[in-house]
Amino acid sequence: MSVGVADELRCRGLVELITDYLEGVLPTPDARRFEAHLADCDDCSTYVEQMRQTIEAIGQIPPESLSAEASEHLLWTFRDWRGSR
Amino acid sequence: MSAPVALDERALLRALRDGDESAFTALVEAQGPMLLRLALMHVPSRAVAEEVVQETWLAVLNGIDRFQGRSSLKTWITSILLNKARTRGERERRVLPFAALRRRHEEGRDEPAVPAGRFQGRRGSEPGAWARPPVEWSEPSERLRGEAARRVLLEAIAALPPRQRDVIALRDISGWSAEEVRNALDLTETNQRVLLHRARSKVRAALEGHFEAEGGAP
């Protein structure tokens, strides 16, 4: 393999690796390159920070709950099922 | 193959099979909100989503004697729901693209996380570096919690191809592990990650659009 420009991690390549990095599946040398690029590049740092903020915001989506009517209906479904056993 | 089923899950199963109503209610309370959230992402209305959830629980009850515990109860119930929600969603939309094209589209392997146009091309001073870099979001923690941003988030997730949508919902909304998601959706490790990355990248882009449209001023 040739060493040089092709091996240099560019911004365009870094944005593809963020989930792999966050999941801890990048091989160590690649993870080090990822970190070295970030240390040197404000734009990518901003991008990665926005990915983190996105993930956090998704995690804060509140749960949905069934309407009272649907919950009631569900209970009857259960009782019917139990009755038929 | 068969991972050991946790002890309390075995007790829960036994109670369900015995027709214990409080065990059923507890399970519905634990899993119900997520099931409804997932159903809502596949079907056009809340009423249909609630029906899908009802049908899922009925299928769970009817299948409980056959449930082997090879996957966790949570994963099994979620797979049932997803099958029903997908079928229902497709029927309601009546658009069925060719399976092969759909798979390609769903995986999004060919799409970049960020459009190529935002990077410098070969003739730029620094090929592959940002040409139009992201701009820091102002007051992100408050604004991302707001009603408008939450709507953007949900719409962006709803607009994703189904598999991307399921992966991001289970991983990032429900906090499932990668392994749980792979089991529930029958994905390889790599697929799971590719789908998650595509999904997160698109949701970030939607939020970026939202922040840009609102302007920097809070």
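Definitions and limits used
- Residues numbered from 1 in each chain as written.
- Chains lettered and ligands numbered in written order.
- Predicted model: local features only at pLDDT ≥ 70, side-chain atom pairs only at ≥ 80, totals over all residues.
- Helix = DSSP H or I, 4+ residues; strand = E, 2+ residues; numbered from the N terminus.
- Rg over C-alpha atoms; globule rule 2.2 N^0.38 Å.
- Axes fitted to C-alpha atoms, helices over the stretch in contact; angles between N-to-C directions.
- Parallel < 35°, antiparallel > 145°, perpendicular 65-115°, else oblique.
- Contact = placed C-beta atoms within 7 Å.
- Expected span 1.5 Å × (residues − 1).
- Buried ≥ 20, exposed ≤ 12 C-beta atoms within 10 Å, placed from the backbone.
- Arc of directions from axis to C-beta.
- pLDDT = per-residue confidence, 0-100.

**Some words on the overall build of chain A**
And step 1. Check the secondary structure of chain A and you find 4 helices and 0 strands.
And step 2. Of the regular secondary structure in chain A, the N- to C-terminal order runs α-α-α-α.
And step 3. A globule of 85 residues ought to have a C-alpha radius of gyration of about 12 Å, yet chain A, at 24 Å, is considerably larger.
And step 4. For chain A, the spread of C-alpha atoms along the three principal axes comes to 70 × 30 × 15 Å.

**Details of the packing of helix α8 (residues 162-173) of chain B against helix α10 (residues 189-214) of chain B**
All names here are of chain B.
And step 1. At a minimum axis separation of 8 Å, α8 and α10 run at an interaxial angle of 90°. Between α8 and α10, the crossing angle belongs to the class labelled roughly perpendicular. In this structure, α8 uses Arg-163, Gln-164, Arg-165, Val-167, Ile-168 and Arg-171 to contact α10, whose residues at the interface are Gln-192, Leu-195, Leu-196, Arg-198, Ala-199 and Arg-200.

**Some remarks on helix α7 (residues 147-158) of chain B**
And step 1. Taking 1.5 Å of rise per residue, 12 residues should cover 16 Å, and α7 of chain B covers 16 Å from first to last C-alpha, within 8% of that figure.
And step 2. Those residues of α7 of chain B lying buried are Ala-149, Val-152, Leu-153, Ala-156 and Ile-157 of chain B. The buried residues of α7 of chain B occupy one face: seen down the axis, they fall within an arc of 125°. More than 90 degrees from the buried face of α7 of chain B, the exposed residues found are Glu-147, Ala-148, Arg-151 and Glu-155 of chain B.
And step 3. The secondary structure elements touched by the buried residues of α7 of chain B are α3 (42-59) of chain A together with α6 (140-145), α8 and α10 of chain B.

**Quick word on the environment of Glu-111 of chain B**
And step 1. Relative to the helices and strands, Glu-111 of chain B resides in the loop between α5 (99-107) and α6.
And step 2. When the C-alpha positions of Glu-111 of chain B and Arg-198 of chain B are compared, they lie 8.1 Å apart, and in sequence the two are 87 residues distant.

**What to know about the confidence of the model for chain B**
And step 1. Averaged over chain B, the pLDDT score is 88; the fraction of residues at 70 or greater is 87%.
And step 2. The element-level mean pLDDT for chain B is lowest in α5 of chain B, coming to 64, with helix α3 (residues 46-63) of chain B highest at 96.

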